[in-house]
Amino acid sequence: MLTYEFVEKHGDEYVYCYYPEGDKTAPGKVGIKADGSKRIIEESENDFGKRYAHHAMKDIDITKKNGTIAWY
């Protein structure tokens, strides 16, 4: 599970902070463009193997400002 918050928009890139397990002391940051391209801007120190970053890039809806993503 992760939570996320919109941070800013640079041109056509939406930047979000993501928080593994909702832990706001260890944020990561991803960029998602409207054309579908994505990148990890900053990896969370609690994101071993970049699993949370990949879930964030795959599942964040850029029409939303914040939310929660859960998987099993």
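Provided above is the structure to which this section pertains.
Residues numbered from 1 in each chain as written. Predicted model: local features only at pLDDT ≥ 70, side-chain atom pairs only at ≥ 80, totals over all residues. Heavy atoms only, no water.

Engineer: Hey, could you run me through the environment of glycine 67 in this one?
Structural biologist: Among the secondary structure elements, glycine 67 is positioned in strand S5 (residues 66-69). Taking C-alpha positions, glycine 67 is 16 Å from histidine 54, a pair spaced 13 residues apart along the chain. With residues near it in sequence (within four places) discarded, glycine 67 still touches Leu2, Thr3 and Tyr4. (Helix = DSSP H or I, 4+ residues; strand = E, 2+ residues; numbered from the N terminus. Contact = heavy atoms within 4.5 Å.)

Engineer: Would you take a moment to explain the sheet that holds strand S4 (residues 38-42) for this structure?
Structural biologist: Read from one edge of the open sheet, 5 strands run S4-S3-S2-S1-S5, paired in antiparallel fashion. What marks the edges here is a single partner per strand, and that holds for S4 and S5. Neighbour-to-neighbour, the strand axes of the sheet open up by a mean angle of 30 degrees, direction not taken into account. As paired elements, strand S2 (residues 13-20) and strand S3 (residues 28-33) share 6 bridges and run antiparallel to each other. Bridged to glutamate 13 within S3 is lysine 33. (Pairing = 2+ DSSP bridges. Axes fitted to C-alpha atoms, helices over the stretch in contact; angles between N-to-C directions.)

Engineer: Quick question: what am I supposed to make of the environment of lysine 33 here?
Structural biologist: If you trace the backbone, lysine 33 turns up in strand S3. Take lysine 33: its relative accessible area is 30%, and that puts it in the partly exposed class. Once residues within four sequence positions are removed from consideration, lysine 33 is found in contact with Asp12 and Glu13. (Buried < 20%, exposed > 50% of the residue type's maximum accessible area, 1.4 Å probe, protein only.)

Engineer: I keep staring at the packing of aromatic side chains and nothing clicks. Help me out?
Structural biologist: The relation between two aromatic rings is expressed through the spacing of the ring centres and the mutual angle of the planes. Inspection of every chain in the model, using the stated rule, returns 4 aromatic pairs. Ring centres 5.7 Å apart and planes at 75 degrees place the aromatic pair tyrosine 4 and tyrosine 16 in the edge-to-face group. On the criterion of sequence distance, the pair formed by tyrosine 4 in strand S1 (residues 2-10) and tyrosine 16 in strand S2 is long-range, its members being 12 residues apart. Each member of the pair, tyrosine 4 together with tyrosine 16, is buried. (Phe/Tyr/Trp six-rings, centres within 6.5 Å; stacked < 30°, edge-to-face > 60°.)

Honestly, that's just the spatial picture; any functional story needs more than this.
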